[in-house]
Amino acid sequence: MPKLVIEGGKSLKGEIKLQGAKNSVLPILAATILSEEESVIHGCPNLSDVAITVEILNFLGCKTKFEGESLIINPKNINKNKIPEMYMRKMRSSIIFLGALISRMGCAEISLPGGCELGPRPLDLHFSGLRQLGMISEESHGKIKCNVGRGLVGNNIVLSFPSVGATENLILSAVKAKGETIITNAAREPEIQDLANYLNKCGAKIRGAGEGTIKIEGVDRLQGAHYSIIPDRIAAITYMAATAVTSGDILINRVYPEHLSSVIPIFEECGCIIEIFDKGKLRLIAPERLLSNAVIRTMPYPGFPTDAQPPIMTMLCAAEGSSIIIENIFESRYKHVGELLRLGADIKVEGRTAIVNGVKRLSGADVRAEDLRGAAALVVAGLCAEGTTKISGLRHIDRGYEDIEGNLCKIGANIKRI
Ligand code: EPZ
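Here's a quick rundown of the structure. (Residues numbered from 1 in each chain as written. Predicted model: local features only at pLDDT ≥ 70, side-chain atom pairs only at ≥ 80, totals over all residues. Heavy atoms only, no water.)

Strands sit in the order 21-22-1-23 across an open sheet of four strands; the sheet is mixed. Lying at the two open borders of the sheet, with one neighbouring strand each, are strand 21 (366-368) and strand 23 (414-417). Put simply, the sheet's adjacent strands are angled 20° from each other on average, direction ignored. Pairing geometry for strand 21 and strand 22 (residues 388-392), over three bridges, is parallel. The residue bridging Asp366 from the neighbouring strand is Lys390, located in strand 22. (Pairing = 2+ DSSP bridges. Helix = DSSP H or I, 4+ residues; strand = E, 2+ residues; numbered from the N terminus. Axes fitted to C-alpha atoms, helices over the stretch in contact; angles between N-to-C directions.)

Printed below as a string of C-alpha cells:
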C-alpha cells in the first residue's frame, strides 16, 4: 500500500503555484451538462475526485478531453439519466449531478451516497428545496427516482442551514426553470460564486451569489463557455500551515486573500507575518516558535472554514500555548486527532470541542489517514515532527491535493511516496 514518508524538520522556503479549487470544479463540471454546447474549463486540478466526475460525464454520454490543465466537455449527446451506485459511493459529492440531470433530462435516478468519514451526510435540504422547484421523487431500496412532472418552476426557497451542496443543486435546477427562484439563507462560499459566474457566462441570470440571498431568473437555454476555476483556498491554507510549523517562508501565487480573511488572523496571532501583494500573491514568513491561545469556531463562509480545521489543528499542536477548536459544521471531524496523538500531540476532545495544548516537538510515527483534510493534517505534522513519519491512506489525500509531495519537495521538504 503506498505511503508518504516524511523526514521532519526541514524549513519550507520558495514559491507555490496553487491548484484550481476542488470544491469549485466539481459543481462546475456538473453544470456543463445544462447546455448542449461545448465548454472548456481551465485550471482544472489533477485530482481523483475530478477523475471520478469525468468518468460520470463520460458515462452520461459526454465527450471529454484534457488539454494540459484545460478540460473540454461536449455534452451534446447525453443519453443517460442515472448515476450508478459505484460512483455515488466513490464520491459523495456526485449528488451535485442530481440538480443538473433533472434540469437537462427531466428525470434522474441516483442512489443514496451513504455516509462518509465526516459522519452522516443527510440530503434533506437538497430534496426539500428541489421538491419546491417541482421535482417529484420516490425512494426504494436505496435508489431514488426523480422526475420533474410538467417541468421545473421557480419558487422562493429558504434553507434552514446554508448548505453548500444544497445551494449548488438548487442553482443547477433553477437556471432553466420557469420564472424566478429566490434562495434565502444560501451558502456564500467562493465556490458558489464561481459556479454562478460560470453559469452566467453560459447565459444564465443569477444575481447575489456569495450573498445570503440568490435570485435566479430562469432562461430557456444555455450555451457553452470557457471558464477558469478559482484557486483552492483550502490548499492555500494547508501550505501556509506547513510553512508555519517549519519556520519557513513561502510565496503563494494566484490566491484571493479575501477568501482567507477568517484564517489569516489566526496565522498572525501565532506570530506569522503575512504580506499580500497585488494580483493575488501572498507571502507567509513564520517565526522560530509559534505561539497560540486561539479560540476557533468553524462556521459557514465567511466564518472559519471547517475544511481548514484539521491542518490548523496540527499547527496549534506545534505552537506554545493552549487553543480551543469548536467544530460546528460536521458531526465527527476529529478522526485525525487519534493519529496526531500518536505523533506526540496533546489534544482533548469533548463532543465538538477540542482543547489543544502545544508541545515542544512532535515525534515521527506511522499514521493512517481517514479522510481528506485529516490526511492534510498528518502531512503538516510529519513536516515538523522529529524523525520519520509514514502516512498511509493516500487515496484520501489524492482526492483533494494535486501532487502534494511534488509541491512540498519543491519548497524544501524531505517527502516521498513509496
Ligand atoms: C461542501 O460539502 C464541501 N464539499 C465540503 O468539503 C465542505 O466541508 C462543506 O461544503 C462545508 O463547507 C464540496 O464542495 C464537494 P454542506 P457539502 O451541505 O455540500 C449538513 C472537503 O474536504 N447538511 O454545507 O456536503 C451536513 O450534514 C469537503 O473538501 C444537512 O443537514 O456541505 C453538514 O453537517 C468535506 N442536510 C453541514 O450541513 C443537507 O441536506 C454542511 O454541509 C445538507 C447538509
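Additional details are given in the paragraphs that follow.
It is worth spelling out the site of the ligand at this point. Around the ligand, the surrounding shell holds 24 residues, and the nearest of these are Asp124, Leu125, Ser163, Asp307 and Ile329. Within the backbone of Leu125, a nitrogen or oxygen atom sits 2.7 Å from an oxygen atom of the ligand. Within the complex, 86% of the 820 Å² of free accessible area of the ligand lies under protein. The element best represented in the shell around the ligand is helix 5 (residues 124-132), accounting for three residues. Tallied by class, residues from the shell around the ligand come to ten nonpolar, six polar and eight charged. (Near = heavy atom within 4 Å. Polar contact = N/O pair within 3.5 Å; in protein donor to acceptor, adjacent residues only side chain to side chain. Areas by Shrake-Rupley, 256 points an atom, 1.4 Å probe, with all protein chains shown as cover. Nonpolar A, V, L, I, M, F, W, Y, C, P; charged D, E, K, R; others polar.)

For the rest of this paragraph, the subject is the packing of aromatic side chains. Counted according to the given criterion, the structure contains two aromatic pairs. Between Phe59 and Tyr87, the ring centres sit 6.2 Å apart and the planes meet at 65°, which makes this aromatic pair edge-to-face. On the criterion of sequence distance, the pair formed by Phe59 in helix 2 (residues 48-60) and Tyr87 in helix 3 (residues 85-90) is long-range, its members being 28 residues apart. On the numbers, 5.9 Å between centres and 70° between planes, the contact of Tyr198 with Tyr227 is edge-to-face. Of this pair, Tyr198 sits in helix 7 (residues 190-201) while Tyr227 sits in strand 13 (residues 226-228), and the two are 29 residues apart along the sequence. (Phe/Tyr/Trp six-rings, centres within 6.5 Å; stacked < 30°, edge-to-face > 60°.)

It is worth spelling out the pairing of strand 14 (residues 249-253) at this point. Along any regular strand, the residues point their side chains to alternate faces of the sheet. Burial analysis of strand 14 places four of its five residues in the buried class, which makes it a mostly covered element. The pairing of strand 2 (residues 13-17) with strand 14 spans five bridges and is parallel. When the bridges of strand 14 are listed, Ile16 appears paired with Ile252. Pairing analysis gives four bridges linking strand 14 to strand 16 (residues 281-285), with the strands arranged antiparallel. Residue pairing in the sheet places Ile252 in a bridge with Leu282 of strand 16. (Buried < 20%, exposed > 50% of the residue type's maximum accessible area, 1.4 Å probe, protein only.)

Our focus in this paragraph is the packing of helix 1 (residues 22-31) against helix 7. A pair of packed helices can be characterised by two numbers: the angle between their axes and the separation between those axes. One way to put it is that helix 1 packs onto helix 7 with a least axis distance of 9 Å and a crossing angle of 30°. Overall, the two elements helix 1 and helix 7 adopt an arrangement that is roughly parallel. Read as a crossing pair, helix 1 and helix 7 show a hand that is right-handed. Facing helix 1, whose interface residues are Asn23, Ser24, Pro27, Ile28 and Ala31, helix 7 presents Glu191, Asp194, Leu195, Tyr198 and Leu199. (Parallel < 35°, antiparallel > 145°, perpendicular 65-115°, else oblique. Left-handed = near helix turned anticlockwise from the far one by under 90°. Contact = heavy atoms within 4.5 Å.)

Right, let's talk about the packing of helix 1 against helix 4 (residues 96-105) for a bit. Taken N-terminus to C-terminus, the directions of helix 1 and helix 4 make an angle of 15°; their axes are 9 Å apart at the nearest point. By the angle between their directions, the pair helix 1 and helix 4 is classed as roughly parallel. Considering only the axes of helix 1 and helix 4, their crossing is right-handed. Residues Leu26, Pro27 and Ala30 of helix 1 pack against Ile96, Phe97 and Ala100 of helix 4. Broken down by class, the residue content of the contact of helix 1 with helix 4 amounts to six nonpolar, no polar and no charged.

That's the geometry; what it means functionally is another story.
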